[in-house]
Amino acid sequence: MEGLIGQKVRLSPADKEKHFENALRWMNDPEVTRWTMMGDMPITRVAEEEFFDRMLKPNDTEILFAIETLDGQHIGFSGIHQIDWRHGVATTGSIIGEKSYWRHGFGSEAARLRTNYAFDVLGLRMLLSSAFSDNTGSLKMLKKAGYAEVGRMPKRYWKRGAYRDMILLVVDRDSRVP
Ligand SMILES: CC(C)(COP(=O)(O)OP(=O)(O)OC[C@H]1O[C@@H](n2cnc3c(N)ncnc32)[C@H](O)[C@@H]1OP(=O)(O)O)[C@@H](O)C(=O)NCCC(=O)NCCS
């Protein structure tokens, strides 16, 4: 079985043929994008294709994994973005788009697998993430995976009817949950 394999999920390389249609559907689902940065404007096929093409062409700074169950169902995406090799830092993001899979531990296991890969395979030392303070699910998931809250930017972005705070989180080699 290809990819990074855990107890419930595997992270496999994102593939346009296998994973694109789900991405387009999920990014236009207002429940899924309730607390994401993208998703307030319609995400067109062209825009999503551009994102996929940018992530998937050979490059040194962007990695996009598909999150799949161990029996092969595609349920989300997990990304390592803006890899800064000089400083050993990157920014991560997660989406479980298949809503029936929320709150079953898939997101936090996918984050743990991603962290271990980033540190042990890529040799990075710190991963950053951010979430709206209202995004309880994301904050709990990230903390369960070893991220710690290190900052708050008050009223940073307009999202769903209000200016909302962004929470900055980091995980490093000491705080990760193996
Ligand atoms: C955020 C997200 C990735 C979490 O994934 P998940 O698979 O549902 O998370 P987990 O099941 O691993 O949850 C980890 C913990 O958070 C809790 N949790 C998850 N969603 C929650 C919610 N909406 N409200 C309260 N707690 C929540 C879980 O119960 C679990 O806690 P426990 O171990 O004490 O039971 C997923 O809900 C999602 O993709 N949401 C939409 C997109 C999004 O907001 N992405 C993040 C952008 S920053």
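Residues numbered from 1 in each chain as written. Predicted model: local features only at pLDDT ≥ 70, side-chain atom pairs only at ≥ 80, totals over all residues.

Bringing helix 1 (residues 16–27) into the picture now. Those residues of helix 1 that fall on the buried side of the exposure criterion are H19, A23, W26 and M27. For helix 1, the angular spread of buried residues about the axis comes to 85°, placing them on one side. (Buried ≥ 20, exposed ≤ 12 C-beta atoms within 10 Å, placed from the backbone. Helix = DSSP H or I, 4+ residues; strand = E, 2+ residues; numbered from the N terminus. Arc of directions from axis to C-beta.)

On to the site of the ligand. For the ligand, the set of nearby residues contains 21 residues, the closest of which are I96, G107, S108, G137 and K140. For the shell around the ligand, the secondary-structure elements that each account for two or more residues are strand 5 (89–96), helix 3 (106–121) and helix 4 (136–144). If one sorts the elements of the shell around the ligand by residue count, helix 4 sits on top with 6 residues. Residues that form the shell around the ligand fall into these classes: 8 nonpolar, 10 polar and 3 charged. (Near = placed C-beta within 6 Å. Nonpolar A, V, L, I, M, F, W, Y, C, P; charged D, E, K, R; others polar.)

What follows covers the environment of K140. The topology assignment puts K140 in helix 4. Between the C-alpha atom of K140 and that of T92, which follows or precedes it by 48 residues, the distance is 15 Å.

Quick look at the environment of T115 now. If you trace the backbone, T115 turns up in helix 3. Sequence separation between T115 and T92 is 23 residues; the distance between their C-alpha atoms is 9.1 Å. Once residues within four sequence positions are removed from consideration, T115 is found in contact with L127, A145, G146, V171 and R176. (Contact = placed C-beta atoms within 7 Å.)

This brings us to the nonpolar core. With 33 residues, the main nonpolar core has F65, I67, F77, A110 and L142 as its most contacted residues. Once residues lying within four places of it in the same chain are set aside, the contact partners of F77 are A14, A23, L64, F65, A66, I67 and I95. (Core = buried A, V, L, I, M, F, W, Y, C linked by C-beta atoms within 7 Å.)

Non-glycine residue R103 carries a positive phi angle of around 65°. In this structure, R103 sits in the loop between strand 5 and helix 3. The backbone of K155 shows a phi angle near 45°, a positive value even though the residue is not glycine. Tracing the sequence through the fold places K155 in strand 7 (residues 148–159). Residue classification places K155 among the exposed positions, given that 10 C-beta atoms sit within 10 Å.

Spatially, the 8 strands line up as an open sheet ordered 1-2-3-4-5-6-8-7, and their pairing is mixed. Two strands bound the open sheet, and with one partner strand each, they are strand 1 (4–5) and strand 7. Examined bridge by bridge, strand 6 (residues 126–132) and strand 8 (residues 162–172) share 7 bridges and lie antiparallel to one another. Looking across to strand 8, one finds that L128 is bridged to V170. The sheet contacts of helix 1 involve strand 3 (63–69), strand 4 (74–84) and strand 5, and relative to strand 4 the element is tilted by about 90°. (Pairing = 2+ DSSP bridges. Axes fitted to C-alpha atoms, helices over the stretch in contact; angles between N-to-C directions.)

With that settled, the discussion passes to the pairing of strand 6. In terms of residue burial, strand 6 counts as a mostly covered element, since 5 of its 7 residues are buried. Bridge count for strand 5 against strand 6 is 3 bridges, and the pairing is parallel. Paired with A90 across the two strands is L127, which belongs to strand 6. With helix 3 bridging strand 5 and the parallel strand 6, this β-α-β connection has right-handed handedness. (Right-handed = clockwise from strand over helix to strand, strands pointing away.)

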